[in-house]
Structure formats: C-alpha cells, structure tokens
Amino acid sequence: MKKCIFFCALLCCLYIKPAAQTSFFDDAGTEDDTGNTFDFSSDSSASSENARTFEFSGFASTQMRMYPHKDLKRTDALPVFGINLKYNAPNTELDAHFKCNALTIADYPLDLIDECTVRAYIGDFVLSAGKMKIVWGRGDMLHVLDVFNANDFTDFTIPAYINRRIAEPMVHLAYNAPIPLRVEAVWTPLMTPDRIALKGPWEPTQIKDIKQKTIDFMKSDRLANAFPMEKVESIMYSTIKDSLTTATASPATVTTNFPELSDVEINEIVNKRPLIERPAVRATLMALSGKPITFDISGVLTPNKIDKIAKDESKKYTKLVREEFEKQISRGAKIIEDFRFDECVKIGMNAFMPDMNQIKYGQYGLRLSGSAGPVDMAGQYYYGRYKTPSVNTEKLISEAMAGGNIRDCVYYDPVHIFGADLAAAIAMFNFKSEAAYYMTYDFKGTDPAVHNNSVQWLLGFDVDIPLNNINLNVQNIGSYIIGFKNVKQNNADGKFDMDWNAAEKPTNNKIVCNISDSWLHETLTDSLTVIWGIEHNDAVIMPRIKYKIKDEFYIEGMGAYIYAKDKKSEFSAWKNNHFVQVSFEYKF
C-alpha cells in the first residue's frame, strides 16, 4: 500500500510546464510533443474506428535567475519536472497535465493537477469537462476577451501566457455547424481570483498601500481633531441645563443622559465632515447616544449658577466624548493594522469572501465564431466577476471603528463583458483585433469601491520578413475608463477609488513588439520583446536565445531590463528587478 501511495505521489509531482517559452507571443500548444504513443487496439489491422492510443511525455528543467541590482543581489534556482498523459478512443479522449511548480506548490497544492479534461465527440457537438484552460480572442499572448481563467502573477508576466493561466473547473460545449460557424457555451461553477507574489522581487504594493494609507489616516491629527465639538457641546449644554432647572433638590451630583440623538440629528453633525471621516464620527455618536452622564453641581442653583455650571460641565463632558472618539479611532486603526491581508492574498483572496462556493460566483459565456473568405470573426458575451479585488475603504474604517468584520469590505465586482474580434490575412500581413465593453453596475462611476465601466481593445499584426526566418509581431493593448472625471473627484475628496492610477489618465495603452528568428535548421532561435507603456512612461526589454544541444536537450538564456520614469510609472515598484536567466530543459 505504501508503495502504491508513493508511486501516485511521484506521478503527480513529475509535471510542470517550463517557465521559459519559445517566444514571447507563443500561445497554447507551444511545447513539442516528443512523447511515446502506445497502440491498445486488440488487432493491429483493426480499423481506426476501434483504435485506442495512450500518449506519454514529459520533461525536466532547471531555471537559474540572478537579480544584480544592489537593492536585491538575489539568485533564484527553480527545478521543474513534468508529465503529460493522453488517452484517445474513437469518440472520446482524456488529456491530463500534472504540474509541480516549486515557486507556488506550497501555497497552491491543487496546482498539482494543472489540467485534466475529458472530451466526447457527438456528431457535430464536442462536449468537454474538467479542470481546463480555454483561450478566446485573436491576440497573440495578449487578450481583452479571454476572461474565464485567472492569471498567476507570482512571477510577473515572464512565463508564457498559457503557462501563467490558472485552470478552472468548467463545462464547455461546442457546436460545429455545416457552414463556417462555431458556437461555444461555457459554464464554470467557481471563480478563481488572480494570484500575486507574497514575497520576493515581484511582490506588488497596491494592497499594502491601501492598508497603510487607511491606518495613517486614522492615526493622523486631521481625523482626531475632526470631531465637531461645538455641536456636541451645544447639545450637552442644553441637556445639563434642562436637568438642573428640573431638579427638586441640590445634590452634590446630577445624573442625566447624553441626548438620545435621532438619525436626523446625527446626520446633521456627520454630514459636515468630509466623506472619509463620516463613518468614524457616526459610530461614536451612536455609541454615546442615550448613555448616562454624571456631573458635580455643588453650590446654590441660582439662574446664573445654573448657566455657569451647565457651560463648564458641558465642556468637561464634551472632552470625555472626544477622548472616547479618539479611543475608538485607535482601536479601529489597530484592527486594520493587525489584519493579515497577506494571509488572505495567500489563498487567492478567497478569505475575504463570505463563501465563494455559491452559484452567484459562477461564470457564464457564449461565443459565435465564423469565417468569410480571408476574414475570421467572432462575437461573445460573458458574465462573471473581476478577478482583482475591490476595497471599500469607507466601510473598512466604519467596520473597524465598530469592531466589525472588515473582511466584508473586500469583494469582486460583477461584470458583463460584450466583445467581438476579427482577424484577416491581407497580402503578407496577418491582422488581428479584439474589442470589449466591460459593464459593471456603477454606470455613473461615482462609487469608489466599484470598477467603472470601461472599453478595452487590442490591435495588431504579424508579418514574415523575407530575410532568413524573421517574424515581426506588433500589438497595442489598451483601455479607456468611462467617467474618469468622477474618479478624479473621488480622489480629491480623499476617497480610495479602484480606478485611480498614478498617471491620472483615463487611458492605459501598451505597445508590445516582438521580433524573432531561427537558425541552423531551427535548432537555434532568438527573439527580442519590447513593452512600452505610453501613458505611464515605462518599458520592459526582454531578449531571449534558445539552442537545441542534442536530441531533446535545450539550453536557453534570457534577461529583462525594466525602465520606470518616476513613481507614476506602472512598473515603478519593479524598476530594480533587472535579471539574467539560464535554463536547461530535457524533453522525453
């Protein structure tokens, strides 16, 4: 039994797709299939209708990366192994890929099964189910329509596109019509969020920034001194004076209640404060409303004495209100400070959600694609959720002040995506394009905790240059945030808007250019990729060269240089992450 368990565990640990890729623009299926095929048909002369085959392949590789910048001086070494299994019957097939990535396996053990798909061919229909990756759209390694699978950014965007996609349990049904038309329907019962690095050079700063800014704000003198003492003192004075004038004796102390404030009275006080301060002020007033207060009234209760005592005591107890307010601020800041954001990120942000295993977190999509002459086109609809979290910072402060559950302040926005793509071959050029409208429920763009509606696009082409084997691929991927003026206003009002960016612009365009070539009967390949962020003034340059030494034994060298003009650049957090890398890989 132990031997059986050990063999199964070994089998699961032997598969991972390599971190290196042939070209920056390679999509699914880039790896060579060098596995062995075994024929399980009972008779070697049997027809193909009865043939059954089993395919087995895999590889082993070691990747070594060095970050020479003085602030890092870091070296990473990552051994990887892999196994692919495929079984084909006349009308069905099983395709399984096992993955063991040393970089992420400890945090995401389910990634041992990278993909596992069963498929049936039923006439003009193809039914697939399992843990799958699907790619929708015409772009090369860049898409605005491919939205079902989340991304693994623990190694930035260095691995090939398909290798950094996270497989999702799903059902996929395709109908291939007699005419050039294909209809696809997809349903996933779950939604896996994007992953980010928790440590190392690719750790992002966005969540840390939100957390730290909120803590700093709650601890700042601006908030501590923002409580409207004049209004509270006026209420306290009236209450104490009324209590004194109705007293039938002259005790040393009088106990009365803090006024039972109505919602209107609380709103009158709260609405005079900036939006970001209102939750804290409201929480304190509601906590004190109707509570008993005691004050000293030693002396004769003449009208003048009553007036003086009321004024003095109102100031005294107003001070106690301020102290209570500041105490709640400190408690709220401590709750936020102690909250383990990184632990929630570590498990894919799912800890923030009340229960991700609900029907409402499923994803649905429909796609129609076809061709007319040299033109391929498609239209699609998707309903699901953004795979990056939104944070309601106002609710975060309010819940922290009240000692509530601040996990409910982070969630994933529902989104409808309407899109189309088109590709055409004209002369020696292959043109491709994608366009999509991302629709959330914040149509006016005034809710800082919800992503605004946006338009996103991809335009590009590739061409084989008649010089050796050179291929040039150029693409522009961009987006436009609708209602960005409201985003700027939210930022001016001190709110943390999910669509805010340091460049303060509604558009975000990147030009991605890749030029590749091959030599020595394609045993030597090289490429150069350049990414330029137009609005954010940043760039990434990645050269790559790969050589087939013998049989299926390869060596590959690559590097990356990252440029960020200033703190407004999108890649400013990673501007020192220049690296050089060498990889050895053997396929079998």
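Here the structure is a predicted model, which means the values were calculated and not measured. (Residues numbered from 1 in each chain as written. Predicted model: local features only at pLDDT ≥ 70, side-chain atom pairs only at ≥ 80, totals over all residues. Heavy atoms only, no water.)

Q: Can you help me understand helix H5 (residues 263-270) in this one?
A: Along an α-helix, residues three or four positions apart point the same way, because every turn accommodates 3.6 residues. Every buried residue of H5 is accounted for by Ile266, Ile269 and Val270. Down the axis of H5, the buried set is contained in an arc of 95°. They therefore lie on one face. (Buried < 20%, exposed > 50% of the residue type's maximum accessible area, 1.4 Å probe, protein only. Helix = DSSP H or I, 4+ residues; strand = E, 2+ residues; numbered from the N terminus. Arc of directions from axis to C-beta.)

Q: Hey, could you run me through the environment of Gly58 in this one?
A: Relative to the helices and strands, Gly58 is located in strand E2 (residues 53-67). The sequence separation of Gly58 and Tyr586 amounts to 528 residues, and the corresponding C-alpha distance is 8.5 Å. Gly58 has contacts with Gly82, Ile83, Tyr586, Lys587 and Phe588, leaving out every residue within four places of it along the chain. (Contact = heavy atoms within 4.5 Å.)

Q: What am I meant to see in the pairing of strand E20 (residues 454-464) here?
A: Where a strand is regular, its side chains alternate between the two sheet faces. Taken together, the 10 bridges between strand E19 (residues 429-439) and E20 define a ladder with antiparallel strand orientation. Of the residues in E20, the one forming a bridge with Ser433 is Leu459. One ladder, built from 11 bridges, connects E20 with strand E21 (residues 471-481); its direction is antiparallel. Each residue of the ladder has a partner; that of Trp457, found in E21, is Gly478. (Pairing = 2+ DSSP bridges.)

Q: Sorry if this is basic, but what is going on with the nonpolar core here?
A: Note on soluble globular proteins: their nonpolar side chains tend to be buried together. Core analysis: the biggest nonpolar cluster contains 33 residues, and Ile134, Phe148, Trp202, Ile417, Tyr438 and Phe579 have the highest contact counts within it. Looking at which element gives the most residues to this core, the answer is strand E25 (residues 553-564), with three residues. Here Phe148 is in contact with Ile134, Trp136, Arg165, Glu168, Met170, Val186, Thr188, Gln363, Tyr364, Gly365, Tyr382 and Lys387, once residues within four sequence places are set aside. (Core = buried A, V, L, I, M, F, W, Y, C linked by side-chain atoms within 4.5 Å.)

Q: Please clarify how helix H10 (residues 484-492) should be interpreted in this entry.
A: Within H10 the residues assigned to the buried category are Phe484, Val487 and Asn490. Down the axis of H10, the sector holding all buried residues measures 105°, keeping them to one side. Turned more than 90 degrees away from the buried face of H10, the exposed residues are Lys485 and Ala492.

Q: What am I meant to see in the confidence of the model for the protein here?
A: Parts of the prediction with low pLDDT should not have their coordinates interpreted in detail. A residue-level look at the protein finds 77% of positions with pLDDT of 70 or above and a mean pLDDT of 80. Confidence over residues 1-34 falls short of pLDDT 50; this stretch has 89 contacts with residues more than four positions distant or in other chains. Every residue in residues 40-47 scores below 50 in pLDDT, and together they form seven contacts with partners more than four places removed in sequence or on other chains. (pLDDT = per-residue confidence, 0-100.)

Q: Would you mind showing me how to read the packing of aromatic side chains here?
A: Two numbers describe a pair of aromatic rings. These are the distance of the centres and the angle of the planes. Throughout the structure, instances matching the rule amount to 18 aromatic pairs. Measuring from ring centre to ring centre gives 6.2 Å for Phe431 and Phe461, while their planes differ by 50°; the resulting arrangement is tilted. Separated by 30 residues along the polypeptide, Phe431 in strand E19 and Phe461 in strand E20 bring together distant segments of the chain. A residue is classified by how much of its surface remains accessible, and Phe431, at 35% relative accessible area, is partly exposed. For the pair Phe571 and Trp574, a centre-to-centre distance of 6.3 Å together with 40° between the ring planes defines the contact as tilted. Among the residues examined, Phe571 registers a relative accessible area of 9% and is labelled buried. (Phe/Tyr/Trp six-rings, centres within 6.5 Å; stacked < 30°, edge-to-face > 60°.)

Q: I keep staring at the pattern of salt bridges and nothing clicks. Help me out?
A: A side chain of one charge can pair with a side chain of the opposite charge if their charged atoms are brought near each other. On inspection of all chains with the given rule, the structure shows 17 salt bridges. One salt bridge connects Glu556 with Arg544, and the closest N-O pair in it is separated by 3.5 Å. Of this pair, Glu556 sits in strand E25 while Arg544 sits in strand E24 (residues 538-550), placing them 12 residues apart in sequence. A relative accessible area of 4% means that Glu556 is categorised as buried. Each of Arg138, Arg182, Glu184, Arg367 and Asp421 takes part in a single network of salt bridges with overlapping partners. (Salt bridge = Lys/Arg side-chain N within 4 Å of Asp/Glu carboxyl O.)

Q: What's the story with unusual backbone geometry in this structure? I'm lost.
A: The phi angle of most residues is negative, glycine excepted, and most peptide bonds adopt the trans form. Within the chain, Lys73 stands out as a residue other than glycine whose phi angle is a positive 45°. Mapped onto the secondary structure, Lys73 falls in the loop between E2 and strand E3 (74-88). At Glu522, a residue that is not glycine, the phi angle is positive and equals roughly 65°. For Glu522, the location among the structural elements is in the loop between strand E22 (507-519) and strand E23 (524-533).

Q: Help me out: how do you make sense of the sheet that holds strand E11 (residues 195-196) in this one?
A: Two pairing modes exist for strands in a sheet, parallel and antiparallel, and in both the strands are linked by backbone hydrogen bonds. In space, the three strands of this open sheet follow the order E8-E7-E11, with mixed pairing throughout. A single partner strand is all that each edge strand has here, and the edge strands are strand E8 (165-166) and E11. Summarising the sheet, strand E7 (residues 150-157) and E11 pair through two bridges and their orientation is parallel. Bridge pairing in E11 places Asp152 opposite Arg195.

Q: I keep staring at a nonpolar patch on the surface and nothing clicks. Help me out?
A: On the surface, a nonpolar cluster with roughly 730 Å² of combined accessible area is contributed by Ile122, Phe125, Leu127, Val171, Leu173, Trp187, Ile359 and Tyr364. Of all the secondary structure elements, the ones that give two or more residues to the nonpolar patch are strand E6 (125-132) and strand E9 (168-176). (Patch = residues over 30% accessible without salt bridge, like charges linked within 9 Å, V, L, I, M, F, W, Y side chains within 5 Å. Areas by Shrake-Rupley, 256 points an atom, 1.4 Å probe, with all protein chains shown as cover.)

Q: Looking at this structure, I do not really get the environment of Glu313. What am I missing?
A: Mapped onto the elements, Glu313 comes out in helix H7 (residues 303-338). When the C-alpha positions of Glu313 and Glu233 are compared, they lie 9.4 Å apart, and in sequence the two are 80 residues distant.

Q: Where do I start with the environment of Leu459 in this structure?
A: Tracing the backbone shows Leu459 in strand E20. Residues Leu459 and Asn476, spaced 17 residues apart in sequence, show a C-alpha to C-alpha distance of 5.2 Å.

Q: I'm lost on the side chain of Asp111 in this one. Help?
A: With respect to the helices and strands, the residue Asp111 is situated in the loop between strand E4 (92-100) and strand E5 (113-122). Here Asp111 falls in the buried class, since its relative accessible area comes to 11%. Apart from the residues within four sequence positions on either side, Asp111 is in contact with Lys99, Thr104, Lys131 and Arg195.

Q: It is not clear to me how the side chain of Asp140 should be interpreted in this structure. Could you clarify?
A: Inspection of the secondary structure puts Asp140 in the loop between E6 and E7. Among the polar contacts made by the side chain of Asp140, one reaches the side chain of Lys432 at a distance of 2.6 Å. (Polar contact = N/O pair within 3.5 Å; in protein donor to acceptor, adjacent residues only side chain to side chain.)

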